[in-house]
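For reference, the chains in residue letters:
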Amino acid sequence: AADLRYSQAEKLAKVGDYQTSVQKFDQAIKLHKSHVYLNAYALNLANLAVLASYQSEETNLKEFVDFSLEQINSAIAGSSKNVNYWKNKSKIEYLLYQLDTTNSKYIDDSIDSLKKAQELSPTDPKIPHSLSIFYSIYYDLSKDSDYIDKSINSIDQAIKLKSNYRDAYFLKAQLLEKFGQKEEAKKSVQYILDNINPNDKEAWELLNSLNN
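The rules behind these values
Residues numbered from 1 in each chain as written. Predicted model: local features only at pLDDT ≥ 70, side-chain atom pairs only at ≥ 80, totals over all residues. Heavy atoms only, no water. Core = buried A, V, L, I, M, F, W, Y, C linked by side-chain atoms within 4.5 Å. Buried < 20%, exposed > 50% of the residue type's maximum accessible area, 1.4 Å probe, protein only. Helix = DSSP H or I, 4+ residues; strand = E, 2+ residues; numbered from the N terminus. Contact = heavy atoms within 4.5 Å. Expected span 1.5 Å × (residues − 1). Arc of directions from axis to C-beta.

Engineer: What's the story with the nonpolar core in this structure? I'm lost.
Structural biologist: As a rule of thumb, soluble globular proteins bury nonpolar side chains together. Of all hydrophobic cores here, the largest spans 66 residues; its most connected members are I92, I107, I111 and V189. A total of eleven residues in this core trace back to one element, the largest contributor, which is helix 3 (residues 35-54).

What follows is the structure, encoded as structure tokens:
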């Protein structure tokens, strides 16, 4: 019975019905408090909080957020070596930052969670890809040029781990443009067109805007 509700909750989450999904996860957890369920429940609670904030619903988002973190921490307590739980914790903390962009603590926490994930899975290129985005946000908040270096170093690490990582080259081009290094940005996006996909529409659009 718990597995059935969990399966229903997952399907509902995939189509963006977070409200009903959360109710089904809640029912599943009452029947069987599995760390697998808690992990998925936490992520959906955070998504529901973000959705509620966009819809300007008069919900107590802080309670939602705290409850979401409580669930992911319980999942990690049940399986602390599961890299996906740490990655999801980072995702949740980033969602919480989006609810309150004045609170950089959530970005700190998100980076810490990703670093724990990196310790468990040092060859996963998606982790430094995400870290480069967070360092870029830190640069926006602090205007400290150290974060430019950290952001570019992280995306370079992602590329080193996966040489044909299209999204990493694209992000690198966007970051270099943002940091005022237009010519370097062109090289990164040109790499996609020369070596990965010559018909990449998004890459062509970015290259055209860099040339204007």
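Engineer: So what exactly am I meant to see when it comes to the side chain of N39 here?
Structural biologist: With respect to the secondary-structure elements, N39 resides in helix 3. Relative accessible area serves as the criterion here: at 10%, N39 is assigned to the buried category. Ignoring anything within four residues of it in the chain, the contact list for N39 reads I72, A75, N84, Y85 and N88.

Engineer: What am I meant to see in helix 8 (residues 146-161) here?
Structural biologist: An α-helix turns once every 3.6 residues. As a result, residues three or four positions apart point the same way. For helix 8, spanning 16 residues, the distance from its first C-alpha to its last is 23 Å, which sits close to the expected 22 Å at 1.5 Å a residue. For helix 8, every residue scored as buried is listed here: Y147, I148, S151, I152, S154, I155, A158 and I159. For helix 8, the angular spread of the buried residues around the axis is 155°, confining them to a single face. Of the residues in helix 8, the exposed ones pointing more than 90 degrees away from the buried face are N153 and K160. On its buried face, helix 8 sits against helix 7 (126-142) and helix 9 (166-178).

Engineer: Could you clarify how one ought to interpret the environment of P128 in this entry?
Structural biologist: Along the chain, P128 turns up in helix 7. Accessibility expressed as a relative area gives 0% for P128, which makes it buried. Note: C-alpha distance between P128 and K186 (58 residues apart in sequence) is 21 Å. Excluding anything up to four places from it in sequence, P128 contacts Q118, S154, I155, Q157, A158 and L161.

Geometric values such as these leave the question of function open.
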